[in-house]
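Observations on the model geometry
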Amino acid sequence: MMTFLAEEGAQNPLIPEPVELVIGLIAFFIVFGVLGKKLLPTIQKTLDERQDAIEGGLERAQEAQTEANQTLEEYKAQLAEARHEAARITEQAREQGAAIIAEMREEGQRQRDAIIAAGHAQTEADRRQVTVALRQEVGRMATDLAGRVVGESLDDVARQSRVIDRFLEELEEKAEATR
């Protein structure tokens, strides 16, 4: 058994031969150099492109977000302006409506006053007409009655007028005195 261990110590599989170690190192550096010269720039370029795409995407997203916020603020300002304009138009319409109502009331009042004035004027004209007709009728009746009492005809128009006027004046004075 000892011999077996001694032989093993000379050929330890974990410790390579120095020639193999040098050839392995040279091969490693050649492969590493080729990979570093050929593959590494391509990988680096791809990584840079990817980083630019990510950063560019973030910048574009940030710009889009800024633009969206700006557009939102513009829409909010336009909406506020539209609401203000709508409120102004509504208030103006209310004022115009109130003015129209006031104008219509004034016109109605004027028409009512005109109708009342016309009614009073018509009533006064009718009263005068009735007064004249009554005076004539009362005068005629008074003349007939006076003619019957006196026993002679009182056909003289001037005399009739004086008698009638005097009679009516006396009646008016008595009526005013009793009031």
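Preceding block: the structure.
Residues numbered from 1 in each chain as written. Predicted model: local features only at pLDDT ≥ 70, side-chain atom pairs only at ≥ 80, totals over all residues. Heavy atoms only, no water.

**What about the overall build of the protein?**
Looking only at helices and strands, the protein features 3 helices and 0 strands. Order of helices (α) and strands (β) in the protein, N terminus to C terminus: α-α-α. Classification of the 179 residues of the protein by burial places 4% in the buried group. Per element, the accessible surface of the protein, about 16000 Å² overall, is 61% carbon and sulfur. (Helix = DSSP H or I, 4+ residues; strand = E, 2+ residues; numbered from the N terminus. Buried < 20%, exposed > 50% of the residue type's maximum accessible area, 1.4 Å probe, protein only. Areas by Shrake-Rupley, 256 points an atom, 1.4 Å probe, with all protein chains shown as cover.)

**Regarding the pattern of salt bridges**
Taken as a whole and judged by the stated rule, the model has 6 salt bridges. With its nearest N and O atoms 2.3 Å apart, the salt bridge here joins Glu 85 to Arg 88. Within this pair, Glu 85 and its partner Arg 88 are both found in helix H2 (residues 18–150), separated by 3 residues, close to a single helical turn. Looking at Glu 85, the relative accessible area reads 33%, which means it is partly exposed. Between Asp 113 and Arg 112 there is a salt bridge, and its shortest N-O distance comes to 3.4 Å. Judged by relative accessible area, which is 38%, Asp 113 ranks as partly exposed. Salt bridges sharing common partners tie together Glu 124, Arg 127 and Arg 128. (Salt bridge = Lys/Arg side-chain N within 4 Å of Asp/Glu carboxyl O.)

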